[in-house]
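What follows is the residue order along each chain.
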Amino acid sequence: MIDIHCHILPGVDDGAKSVEDSVAMARQAVSEGIHTIIATPHHKNGKYINEKQHIINDVEKLNERLKQEGIPLLILPGQECRIYGEMLEDYQSDSVLTLNDNNKYVFVEFPSNQIPRFSEQLLFDIQSAGLTPIIVHPERNTSIIEEPNILYNFVNKGALTQVTAASITGRFGKKIRKFSLELIDANLTHLIASDAHNISGRQFCMKEATELIQQEYGAQQLYMFFENAEAVVDGLACFKEIPERIKKKKFLGMF
Ligand code: FE
């Protein structure tokens, strides 16, 4: 399995604090069947700044350490970029990093309870520059939960989205679990990833989540997620079904 969203780099954000933490996360990842991880430290989220070259250097160091430890896991460079006005300019000036540095996919994180007004234009501009934005964990954004059409619009206009494994397993509560499944049903998500930060509270949950997906949706849906993760690593096109709108549930007694 490939995990395209993970905070495994040591000491750069709220993920692994030390290289020992990174090694422990790597062991847990391997035990869940993960062989490749894109390390995606937070960038410009108000707390952390992690620019491209710095991440690439840290990834190289961590891969050396994993080799010494004999852990069969490959780390690739990536970044979880909070949406901001100059994001595209900063990509062009080499501080924003695409996934696996292949100039194809870029992570876009929204603030957890709102969607900035400039988002639609910026997502368009990113695509005009030849990149595909991947909106991370839309199922955890309160504005999107309240108004799923916001996400439908973005996907309809070419953005991809990544749902978090722990959302599917229920780690973030029933409401987010249910909404995650609705996103899968409506073809509004294309990738599943761990967004793991550690091996205690925010762990991988990839094995459990993928088993649940296979049970609920069958192997074909699961393979779509796996193949898309591979496509992201290789900088190739992802598989997309035509997105649908999530129907708002009617209140009881108002039929
Ligand atoms: Fe993250």
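Refer to the structure printed above.
Below, the structure is looked at part by part. (Residues numbered from 1 in each chain as written. Predicted model: local features only at pLDDT ≥ 70, side-chain atom pairs only at ≥ 80, totals over all residues. Heavy atoms only, no water.)

## Section: the side chain of Thr164
Right, on to step 1. Mapped onto the fold, Thr164 is located in strand β8 (residues 160–164).
Right, on to step 2. Among the residues examined, Thr164 registers a relative accessible area of 1% and is labelled buried.
Right, on to step 3. Apart from the residues within four sequence positions on either side, Thr164 is in contact with His137, Glu139, Phe172, Ala193, Ser194 and Asp195. (Helix = DSSP H or I, 4+ residues; strand = E, 2+ residues; numbered from the N terminus. Buried < 20%, exposed > 50% of the residue type's maximum accessible area, 1.4 Å probe, protein only. Contact = heavy atoms within 4.5 Å.)

## Re the side chain of Asn45
Right, on to step 1. Inspection of the secondary structure assignment puts Asn45 in the loop between β3 (42–43) and α2 (52–69).
Right, on to step 2. Accessibility expressed as a relative area gives 18% for Asn45, which makes it buried.
Right, on to step 3. A polar side-chain atom of Asn45 sits 2.9 Å from the main-chain amide nitrogen of Tyr48.
Right, on to step 4. With residues near it in sequence (within four places) discarded, Asn45 still touches Arg82 and Glu109. (Polar contact = N/O pair within 3.5 Å; in protein donor to acceptor, adjacent residues only side chain to side chain.)

## Description of the coordination of the iron ion
Right, on to step 1. For the iron ion, every protein donor is listed as His5 (NE2), His7 (NE2), Glu80 (OE) and Asp195 (OD), and the spread of their distances is 2.1 to 2.2 Å.
Right, on to step 2. With 4 donor atoms in place around the iron ion and angles of 80 to 165 degrees between them, the coordination shape is irregular.
Right, on to step 3. Considered as a linear motif, the donors of the iron ion on their single chain read H-x1-H-x72-E-x114-D. The same class applies to His5 and to His7, which are both buried. (Donors = N, O, S within 2.8 Å, 3.2 Å for Na, K, Ca; no water. Tetrahedral: all angles 85-135°; square planar, octahedral: opposite > 155°, others 65-115°.)

## Topic: α2
Along an α-helix, a turn takes 3.6 residues, which lines up residues three or four apart on a common side.
Right, on to step 1. Relative to the 26 Å expected for 18 residues at 1.5 Å per residue, α2 spans 26 Å between its end C-alpha atoms, a close match to the ideal helical length.
Right, on to step 2. Among the residues of α2, Lys52, Ile55, Ile56, Asp58, Val59, Leu62, Asn63 and Leu66 are the ones counted as buried. Here the buried residues of α2 occupy an arc of 165 degrees about the axis, which is enough to place them on one side. Turned more than 90 degrees off the buried face of α2, the exposed positions are Lys61 and Gln68.
Right, on to step 3. Where α2 is buried, its residues meet α1 (19–31), β2 (36–39) and β4 (74–77).
Right, on to step 4. Phi turns positive one or two residues past the end of α2, at Gly70, with a value near 75 degrees. (Expected span 1.5 Å × (residues − 1). Arc of directions from axis to C-beta.)

## Quick word on the packing of helix α9 (residues 206–217) against helix α10 (residues 219–234)
Right, on to step 1. Where α9 meets α10, the axes come as close as 7 Å, and the angle between the chain directions of the two elements is 140 degrees. Between α9 and α10, the interaxial angle falls into the category oblique. Here Thr210, Ile213, Gln214 and Tyr217 of α9 come into contact with α10, specifically with Ala219, Gln221, Leu222, Phe225 and Phe226.
Right, on to step 2. Of the residues assigned to the contact of α9 with α10, the class counts are 6 nonpolar, 3 polar and no charged. (Axes fitted to C-alpha atoms, helices over the stretch in contact; angles between N-to-C directions. Parallel < 35°, antiparallel > 145°, perpendicular 65-115°, else oblique. Nonpolar A, V, L, I, M, F, W, Y, C, P; charged D, E, K, R; others polar.)

## A few points about the pattern of salt bridges
Right, on to step 1. Applying the stated criterion across every chain, the model contains 12 salt bridges.
Right, on to step 2. Note that Arg65 and Glu20 form a salt bridge whose closest N and O atoms lie 3.9 Å from each other. On the criterion of sequence distance, the pair formed by Arg65 in helix α2 and Glu20 in helix α1 is long-range, its members being 45 residues apart.
Right, on to step 3. For Arg65, a relative accessible area of 24% gives the class partly exposed.
Right, on to step 4. With its nearest N and O atoms 3.1 Å apart, the salt bridge here joins Arg27 to Glu69. (Salt bridge = Lys/Arg side-chain N within 4 Å of Asp/Glu carboxyl O.)

## Remarks on the sheet that holds strand β5 (residues 80–82)
Right, on to step 1. On the basis of which strands lie adjacent, the open sheet formed by 6 strands has the order β3-β5-β6-β7-β8-β9 and parallel pairing. Looking along the sheet, the strands with just one partner apiece sit at the ends: β3 and β9 (191–193).
Right, on to step 2. Bridge count for β5 against strand β6 (residues 105–109) is 3 bridges, and the pairing is parallel. Within the sheet, the bridge partner assigned to Arg82 lies in β6 and is Glu109.
Right, on to step 3. In the packing of helix α4 (residues 119–128) onto the sheet, contacts are made with β6 and β7 (132–136), and the angle to β7 comes to roughly 140 degrees. (Pairing = 2+ DSSP bridges.)

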